[in-house]
Every structure is written in structure tokens, then in C-alpha cells.
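# What the coordinates show
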Amino acid sequence: MVVVMKLNTNAEQIATLDKRLKAGGYQTHLIRGTKRIVIGAVGDRRPVDPAGLESMPGVEKVLRIMRPYKLVSREVQEADTVVKIGGMGIGGNKLTVIAGPCAVESKEQLLLAARAVRRSGANVLRGGAYKPRTSPYSFQGLEEEGLRLLAEVGAQTGLATVTEVIDEESLTAAARYVDILQIGARNMQNFRLLRLAGKSGKPILLKRGLSATVEEWLMAAEYIVSSGNGDVILCERGIRTFEDSTRNTLDLSAVALAKQLTHLPVIVDPSHATGKRELVGAMSRAAVAAGADGLIIEVHPDPTIALCDGPQSLDPGEFDDLMTGLRPLATAVGREL
Ligand code: PEP
Ligand code: MN
């Protein structure tokens, strides 16, 4: 439920209410908006009578949240969440562009990619160190050495960094080196990993599962937020459909819908969504037009020799063209790039 406080409520009234809710078995989350203060109370026990709460000092009204996800829903928080990373915000008016190779392969490869994407205006460097590959015989990533390179190249180029974590060990290691932890499509419903991400103290980039509904995706985000971490960025990366002429089917309606249902930022990955570099530009523009808060794009200094996802990776020139084409579109929809 959501307890909406009166505008003139004081700290003591909030504390009394918080105690009462916790005693009833609820987990509480105080959300201070610009227009109102609300307490989100979640839990599966219902011993506290909402009518009784409404008569407590400082309380304006008590609302039941009808959706299964609570803390991530717009019912609890109307205003957009802006995830802060250093001086940058993901989810505000300014679009975020995350770019870099699918996998960290070497210092030279990462540095070339980072310099190129930075020059073209990207804000965050991506690079996989633990790769969840379909085949056990494919390149699995440089693991901790890859994390070390990401930290070094990120610091050298002034870019924030993001990398995928696949289990407890990689999460603990990555949290020491990078700014944002990514939970990939294949692990979107790894609930233990989601809870650990909630306790990591790092912003989480949560990709939509290969066959996950929007509700399942938001429930996965709820796991992270209810474990104590409100800094979640959602990422639509295409879903499995009957269509096999693209790697996945980019579900842009899910982006527009998620923006209505949740206050969390939503970005789009046109690289994994299409699997084809020729389609990445068009889908990036479409994503921005649909209201996405940013993009995550695979860029390799030489995609022909990439160890992972070469066919969908842009080279630095193609990425630069994409950014140039995106600017007028961002302006047209009232966003900055
Ligand atoms: C990735 O971004 O490197 C990745 C593996 O993406 P996804 O989890 O969306 O397949
Ligand atoms: Mn990839």
C-alpha cells in the first residue's frame, strides 16, 4: 500500500507511522517527491488496517496498489527516477548513450573503442568480462583481467563503465571495478542474483529476458528495489518471436508501456535486438522517438575480427554517423543528446 502524508507532516509523525507499519510486518520505503511525501509499504502480510492508518496524525490517505509490482510503479512514485552516476544522470532530459565492444578482448581494443565512442559523444563504456555464451566453446570473456582493463580505460578516457555479472562471484568482483552492473537477458529471472544486485550498492542495468513479459520484467526490477537498491535502469533488448530474419524482435511498444507503468529509466539495445549492424541506426532513432531514455550500442574498432557479436557491432565511423543522425531527432522530441 501507499501512505500519502499531508504536506505539513513532521518527522515524528513519519517515524511513528513507519514503526507501526514495520511492526505489522511491512517493509517501508520513504519517497520524498516535490509535491508529496509517501511511504510505500510492501509485504505479503496484511495485519495493519488501512482505515486505522488513515486516522493517524500526518496521514492524508492510504491507497492499495493494484499492480503486483509496487516500488517500481508510478502509483508509488509519479516522478521519473534519475539514476546518478558521478555527475551524470540516467533518466533525465538528457539521453544516455552507452557504447563499446560486446566483450573486452585486450587493452588496445578497449582503448580504441573507448576513445572513438567518447569522441562521438557516448557517456558510458560497455564491455563484457563474463560472457554468457550460448556455446561453451565460444569466447567466455577475460573475467577479472577484463574488469581491470575496463576500470583503467574508463579512468583514462573519463567514461563511466558497465559490465555484465552472471553470478555471485562475478558480481562481487565487478562491484570493485565498474560503475554500473548489468544483469543480462538470460539472468533476468535469477532471483538470487537480483537480490544480491539489490545489496551491491551499485546502479543496475536490468535487461528484459528473452521471453519475459513486461510484467515479469518489472517484477524482476521489484526484486532489486525491494532489496534496497532504487538505482535500476531497464533495458529492452528484443524478445523471441517467430520472426527469425532478425536476431530478436525489438519491442518498442514495451518501451512506451514501461515508461507509463514505472518511474525507472528505460533504455534500448538495438544491437542485440536486431543482430544486424545495418539496422542499428534506424532502431536507435525509433527508440528515441518512442521515449527511450538512452541506448546501449555495440561498437568495435574492427568488427570483422570481433570475438563476439561482430555482425551487429558498428565500427567507429558508423557509430559517429549514428550519433550525428540522432541529434536532430533528439531535439525534435525535446531531449538533449
Ligand atoms: C550483452 O549486452 O552483452 C548481452 C549479452 O546482452 P543480452 O543479455 O541482452 O543478450
Ligand atoms: Mn553482445
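Residues numbered from 1 in each chain as written. Chains lettered and ligands numbered in written order. Predicted model: local features only at pLDDT ≥ 70, side-chain atom pairs only at ≥ 80, totals over all residues. Heavy atoms only, no water.

### Quick word on the nonpolar core
- Ile183, Leu206, Leu234, Val268, Ile297 and Phe319 are the most contacted members of the largest nonpolar core, which totals 67 residues.
- By residue number, the principal contributor to this core is helix α7 (residues 214–226), which donates seven residues.
- If we ignore the near neighbours within four places in the chain, the residues touching Val268 are Cys235, Glu236, Leu250, Leu252, Val255, Ala287, Ala292, Gly294, Leu295 and Ile296.
- With 15 residues, the next largest nonpolar core counts Ile37, Ile39, Val48 and Leu53 among its residues. (Core = buried A, V, L, I, M, F, W, Y, C linked by side-chain atoms within 4.5 Å. Buried < 20%, exposed > 50% of the residue type's maximum accessible area, 1.4 Å probe, protein only. Helix = DSSP H or I, 4+ residues; strand = E, 2+ residues; numbered from the N terminus. Contact = heavy atoms within 4.5 Å.)

### As for the site of ligand 1
- The environment of ligand 1 is formed by Arg126, Lys131, Glu164, Gln182, Gly184, Ala185, Arg186, Lys207, Arg237 and His272.
- Interatomic distance of 2.9 Å between a side-chain N/O atom of Lys207 and an oxygen atom of ligand 1.
- Within the contact set of ligand 1, an oxygen atom lies 2.6 Å away from a side-chain nitrogen or oxygen of Arg237.
- Compared with its free state, where it exposes 290 Å², ligand 1 has 96% of that area covered by protein.
- Class assignment for the residues of the shell around ligand 1 results in one nonpolar, three polar and six charged. (Near = heavy atom within 4 Å. Polar contact = N/O pair within 3.5 Å; in protein donor to acceptor, adjacent residues only side chain to side chain. Areas by Shrake-Rupley, 256 points an atom, 1.4 Å probe, with all protein chains shown as cover. Nonpolar A, V, L, I, M, F, W, Y, C, P; charged D, E, K, R; others polar.)

### Here we look at helix α1 (residues 11–23)
- For α1, built from 13 residues, the straight-helix expectation of 18 Å at 1.5 Å per residue is met to within 8% by its first-to-last C-alpha distance of 18 Å.
- Along α1, the residues that are buried comprise Ile14, Leu17, Asp18 and Leu21. In an axial view of α1, the angular spread of the buried residues amounts to 105°, which keeps them on one side of the axis. Facing away from the buried side of α1 by over 90 degrees, the exposed positions are Glu12, Lys19 and Ala23.
- Packed against the buried residues of α1 are β1 (2–5), β2 (27–32), β3 (37–42), α2 (50–54) and β4 (59–63).
- N-cap assignment for α1: the residue whose side-chain oxygen lies 3.1 Å from the backbone N of Glu12 is Asn10.
- Looking one or two residues beyond α1, the residue adopting positive phi is Gly25, at roughly 90°. (Expected span 1.5 Å × (residues − 1). Arc of directions from axis to C-beta.)

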